[in-house]
Amino acid sequence: MSEKNPEVVADSPDARLAAYLQRFWPHRSHEAGTLRNLCCFLGFHLWAQPDYSSLAPRRNIRFCRWCPMVEIDGTHYS
């Protein structure tokens, strides 16, 4: 039963890091429109990968341009 759950408890260090990083990359859900919101709902995100190696070294961090989703090392946080 050791399945990797993409949804992680909000008290984890990565969840706190994701909440902190969301301040640097504001999502544009109010500008995205209905079709893009539907795409995010279905899991098709438009990922951007700015360089945050000074804040979180050796971490793979991506942001969705359309919704508040943040991905840290393959785990999604919203």
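Below is a summary of the structure that appears in this document. Note on numbering: residues in each chain are counted from 1, in written sequence order. In view of the model being predicted, local features appear only for residues whose pLDDT reaches at least 70, and side-chain atom pairs are presented and counted only at 80 or more, with totals across whole chains, interfaces and linings using the full set of residues. Side-chain numbers come from the whole structure's heavy atoms, not from hydrogens or water.

## Section: a nonpolar patch on the surface
Then step 1. Grouping into patches uses exposed residues only, defined as over 30% relative accessible area, and leaves out salt-bridged ones; the cut-off is 9 Å for like charges and 5 Å for nonpolar side chains (Val, Leu, Ile, Met, Phe, Trp, Tyr). Only the protein chains shown count as covering a residue, and every accessible area follows the Shrake-Rupley method with a 1.4 Å probe. One side-chain nitrogen of Lys or Arg within 4 Å of one carboxyl oxygen of Asp or Glu is enough to make a salt bridge. On the surface, a cluster of nonpolar side chains totalling about 620 Å² of accessible area is made up of L35, L38, F41, L42 and F44.
Then step 2. To qualify as a helix, a DSSP run of H or I must reach at least 4 residues; to qualify as a strand, a run of E must reach at least 2; elements of each kind are numbered from the N terminus. With respect to the secondary-structure elements, L35 resides in helix α3 (residues 34-42).
Then step 3. Only protein chains enter the accessibility calculation, which uses a 1.4 Å probe. A residue is then buried if its area is under 20% of the maximum for its type, exposed if over 50%, and partly exposed in between. According to the relative accessible area criterion, L35 is exposed, its value standing at 62%.

## So, the environment of F63
Then step 1. Inspection of the secondary structure puts F63 in strand β2 (residues 61-64).
Then step 2. Considering only alpha carbons, one finds F63 and Q22, 41 residues apart in sequence, at a separation of 8.2 Å.

## Looking at the state of the cysteines
Cysteine pairs can be linked by a disulfide, which is a covalent bond between their two sulfur atoms.
Then step 1. The term disulfide is used for any two cysteine sulfur atoms that are within 2.5 Å. For the structure shown, the criterion picks out 0 disulfides.
Then step 2. Not engaged in a disulfide, the cysteine C39 finds its nearest cysteine sulfur in C40; these two sulfurs lie 7.1 Å apart.
Then step 3. Not part of a disulfide, C40 finds its nearest cysteine sulfur in C64, a span of 3.6 Å.

## Comments concerning the pattern of salt bridges
Then step 1. Per the counting criterion, the structure on display carries 3 salt bridges.
Then step 2. Here D14 ties to R59 by a salt bridge, and the two come within 2.7 Å at their closest N and O atoms. Linking D14 in helix α1 (residues 13-21) with R59 in the loop between β1 (47-48) and β2, this pair joins segments that are 45 residues apart in sequence.
Then step 3. Residue D14 is classed as partly exposed on the basis of its relative accessible area of 23%.
Then step 4. Three or more residues are tied together by salt bridges with common partners; here these are D14, R59 and D73.

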